Structures are given as C-alpha cells and as structure tokens.
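Structural overview
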Amino acid sequence: MVRFAFLVACAVPIIAILGCSSASPRGATPDPSGTVTGELPKGPALGGVSDAEPGTTDYDMQVWKALLRDHTKIRRTVRHIDRGVEAETESDDPRIAALIKDHVLAMKDRIRDGYPVRGWDPVFRELFKRHHLIRIDVVLTEKGVKIVETSDDPETVRRMRSHAAGVSDFVKEGFAIMDRETPYIDGR
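Residues numbered from 1 in each chain as written. Predicted model: local features only at pLDDT ≥ 70, side-chain atom pairs only at ≥ 80, totals over all residues. Heavy atoms only, no water.

This part is about the overall build of the protein chain. In terms of helices and strands, the protein chain carries four helices and five strands. Across the protein chain, helices and strands are ordered from the amino to the carboxyl terminus as β-α-β-β-α-α-β-β-α. Each of the 188 residues in the protein chain was classed as buried or not, and the buried ones make up 56%. For the protein chain, the exposed area adds up to about 8,600 Å²; of that, 54% sits on carbon and sulfur atoms. (Helix = DSSP H or I, 4+ residues; strand = E, 2+ residues; numbered from the N terminus. Buried < 20%, exposed > 50% of the residue type's maximum accessible area, 1.4 Å probe, protein only. Areas by Shrake-Rupley, 256 points an atom, 1.4 Å probe, with all protein chains shown as cover.)

Written out as structure tokens, the structure reads:
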C-alpha cells in the first residue's frame with residue numbers, strides 16, 4: 001500500500017524527518033510539520049536494497065534493516081536543545097549516506113501523517129500518537145542529515161529525546177538491539 005509520494009530520486013537518509021505533498025518528491029518542499037533543505041538525492045533505487053516500491057512499509061523496513069546491518073559505518077551526534085533535539089547522522093560511505101537520507105525523509109513523512117513504525121515499542125507508539133505536536137526540520141548534508149525536532153509539549157519533548165537516544169543505540173549496536181524496547185530517558 002502506497003501512503004505517500006514515490007521518491008523521484010531514490011538515493012537518500014534517516015532521522016530525519018518528514019514531509020511532502022503528493023505532487024512533489026519526498027521532502028522537496030516545506031510543509032506544516034517542518035522544512036527540508038539541501039540537495040535532493042539522485043540516482044538509482046539505493047543499490048537494490050529493496051524490490052518494494054518506495055513509499056511502502058516493506059521498502060522503509062528494508063532500508064532500516066540495511067542501516068542496521070551497516071551501523072558501524074554510521075556516526076551520530078545528538079544534542080538536547082530548548083524544546084527538543086538536534087541530531088546529525090552521517091556516513092563516509094556514499095551508499096549508506098543515501099540510505100540515511102532516504103530513511104529520515106520516510107520517517108518524516110510517517111510522523112507527519114501519523115503512520116507509525118514499531119507500534120509494539122511504547123516510546124515509538126506514544127511519539128506517533130503525538131505526531132501533530134512535532135515539528136521536524138531536515139537539512140540534507142553531503143554525508144547524511146541534520147535534523148531538528150521540536151515541540152511545545154514537554155511530554156512530547158521527553159519522547160523525542162527518548163527516541164533520539166534509541167536511534168543512537170541502534171547506530172552503536174545494530175541488529176543486536178532490534179527487538180529491545182526503547183528506554184525512556186528523563187529528558188529534562
């Protein structure tokens with residue numbers, strides 16, 4: 001089932017986060033949930049990561065699994081800011097950098113639309129329930145993404161910070177923690 005516009009160019013990152021209209025390539029224009037700036041990805045469909053159509057759950061899952069497989073090629077920094085988090089996720093491997101971009105833009109769309117992933121994980125489930133309270137700005141960098149997530153709601157900020165820490169854990173440990181619930185952090 002396709003729930004958002006197909007990627008016009010599929011070589012893309014993560015974290016990142018969100019939105020486009022059905023007439024635009026994923027992340028091509030600003031939307032109410034945040035902005036996307038930077039050069040849009042170009043090229044073939046991410047080196048055969050998935051046979052599924054971009055914009056489908058299966059496609060997004062295959063991109064995520066590829067990132068978990070190559071987690072040692074990813075570096076990530078997270079900083080708590082007023083009302084949220086700022087994260088930078090990059091790789092020196094151009095293929096991994098493209099996957100990071102693809103993943104982040106897909107997750108931005110999912111947050112914007114309230115279309116969850118990891119519904120069994122309380123942090124993810126609660127974050128997606130609060131999707132309308134989240135603003136995500138994504139800057140595509142040469143090697144990945146820089147994301148700023150903010151909210152005026154303190155509980156949503158706590159969940160965003162827990163999610164950001166969980167993503168950092170995925171980058172550190174890969175598949176080893178795929179089935180672990182994301183821990184809550186105090187986030188104050």
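Next, the rest of the story.
This part is about the pattern of salt bridges. In total, this model carries 19 salt bridges according to the counting rule given. Here K143 ties to D92 by a salt bridge, and the two come within 2.9 Å at their closest N and O atoms. In this pair, K143 is assigned in the loop between strand 4 (135–141) and strand 5 (144–150) and D92 in the loop between strand 3 (84–90) and helix 2 (94–113), connecting sequence segments 51 residues apart. For K143, a relative accessible area of 31% translates into the label partly exposed. Exposure remark for D92: the relative accessible area of 53% places this residue in the exposed category. (Salt bridge = Lys/Arg side-chain N within 4 Å of Asp/Glu carboxyl O.)

Turning our attention to helix 4 (residues 154–173). Taking 1.5 Å per residue as the helical rise, helix 4 with its 20 residues ought to reach 28 Å, and the 29 Å between its terminal C-alpha atoms agrees with that figure. Burial within helix 4 is extensive, with 14 of its 20 residues counted as buried. (Expected span 1.5 Å × (residues − 1).)

Keep in mind these numbers describe shape, not what the thing actually does.
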